[in-house]
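# A closer look at the structure
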Amino acid sequence: MSAVVRRPVAFVAAIVLFVEAAGMVLVNGILATVVDNQEMSLAGLDPAAMSAGAWAMGGVAGLYLLLCGLVLLLTGIRDRAPGRVGRFTLISCAVVHGVLGALTVGLVGWAAFAFMMVVLGLIVLTLVAYGTVREKRDGEADGNGGDAEEGAPAPA
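In what follows, the accompanying structure is described.

### Some thoughts on the overall build of the chain
Within the chain one finds four helices and zero strands. Starting at the N terminus, the α and β elements of the chain follow one another as α-α-α-α. Among the 156 residues that make up the chain, the fraction classed as buried is 29%. Taking contacts inside the chain between residues at least 6 apart in sequence as the whole, the part at least 24 apart equals 67%. Accessible area of the chain: about 9,800 Å², with a carbon and sulfur share of 70%.

### Regarding the environment of Leu-66
Looking at the element boundaries, Leu-66 is found in helix 2 (residues 47–78). On the basis of relative accessible area, Leu-66 is assigned to the partly exposed category, the value being 38%. In this structure, the C-alpha to C-alpha distance between Leu-66 and Ile-15, residues 51 residues apart in sequence, is 9.6 Å.

### What to know about the environment of Leu-122
If you trace the backbone, Leu-122 turns up in helix 4 (residues 110–130). A relative accessible area of 15% means that Leu-122 is categorised as buried. Once the C-alpha coordinates of Leu-122 and Val-9 are considered, the two residues, 113 residues apart in sequence, prove to be 6.6 Å apart.

### Side note on the pattern of salt bridges
Oppositely charged side chains are able to pair whenever their charged atoms sit close together. For the structure shown, the criterion picks out one salt bridge. The salt bridge involving Arg-6 is made with Asp-79; its shortest N-O contact spans 3.2 Å. Of this pair, Arg-6 sits in helix 1 (residues 3–38) while Asp-79 sits in the loop between helix 2 and helix 3 (84–107), and the two are 73 residues apart along the sequence. For the pair Arg-6 and Asp-79, one class covers both residues: buried.

### What about the packing of helix 2 against helix 4?
Where helix 2 contacts helix 4, the two axes come as close as 12 Å, and the packing angle between them is 40°. You can see that helix 2 and helix 4 cross each other, and the crossing is left-handed. Residue-level contacts link Leu-72, Thr-75 and Gly-76 of helix 2 to Ile-123, Thr-126 and Tyr-130 of helix 4. Looking at the contact of helix 2 with helix 4 residue by residue, the class counts come to three nonpolar, three polar and no charged.

### Details of the packing of helix 3 against helix 4
Following both chains from N to C, one finds helix 3 and helix 4 inclined at 160°, their axes separated by 8 Å at the closest point. Put simply, helix 3 runs roughly antiparallel to helix 4. In the packing of helix 3 onto helix 4, the handedness of the crossing is left-handed. On the side of helix 3, the interface is formed by Arg-87, Leu-90, Ile-91, Cys-93, Ala-94, His-97, Gly-98, Leu-100, Gly-101, Ala-102, Thr-104 and Val-105, while helix 4 contributes Trp-110, Ala-112, Phe-113, Met-116, Met-117, Val-119, Leu-120, Ile-123, Val-124 and Leu-127. Of the residues in the contact of helix 3 with helix 4, the class split is 17 nonpolar, four polar and one charged.

### As for the nonpolar core
In this structure, Leu-17, Leu-65, Cys-68, Leu-72, Leu-90, Cys-93 and Ile-123 are the most contacted members of the largest nonpolar core, which totals 16 residues. Among the secondary structure elements, those contributing two or more residues to this core are helix 1, helix 2, helix 3 and helix 4. With five residues, the top contributor of residues to this core is helix 1. Residues contacting Leu-90, with those up to four places away along its chain left out, are Cys-68, Val-71, Leu-72, Pro-82, Ile-123 and Leu-127.

Reading the values: rules and limits
- Residues numbered from 1 in each chain as written.
- Predicted model: local features only at pLDDT ≥ 70, side-chain atom pairs only at ≥ 80, totals over all residues.
- Heavy atoms only, no water.
- Helix = DSSP H or I, 4+ residues; strand = E, 2+ residues; numbered from the N terminus.
- Buried < 20%, exposed > 50% of the residue type's maximum accessible area, 1.4 Å probe, protein only.
- Contact = heavy atoms within 4.5 Å.
- Areas by Shrake-Rupley, 256 points an atom, 1.4 Å probe, with all protein chains shown as cover.
- Salt bridge = Lys/Arg side-chain N within 4 Å of Asp/Glu carboxyl O.
- Axes fitted to C-alpha atoms, helices over the stretch in contact; angles between N-to-C directions.
- Left-handed = near helix turned anticlockwise from the far one by under 90°.
- Nonpolar A, V, L, I, M, F, W, Y, C, P; charged D, E, K, R; others polar.
- Parallel < 35°, antiparallel > 145°, perpendicular 65-115°, else oblique.
- Core = buried A, V, L, I, M, F, W, Y, C linked by side-chain atoms within 4.5 Å.

What follows is the structure in structure tokens.
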């Protein structure tokens, strides 16, 4: 896949994850406020603890999504595949979106499922588009002094 397509996909995926991070913090903040204002309790748990837990979950999930968005943004800016840690982060983010997409279809509805699958698709497309092998730039030689053939294996 050419840089004409893969860079915009990485940028769009980063923007979507940044928006999703803000939405995650907002939704958890609303849940925490409602639990705190209504003095709700679940099986005798302290409402303040439940409220703090919702805030903490929103913050952790928001930071995780921001990290994933930052990896995608840097991938698009540099036009290079993310490193080992970056790839692991994006793969785990894709898995989380797949699992949450499967859960949201029953709990929230098809629109939420569609959103989760679009985000999953953007992350996977970015991972596949950049791959693990760095492409040869125009005028660049391979390590042996000659031009590298596209798709040819390295000499032994």
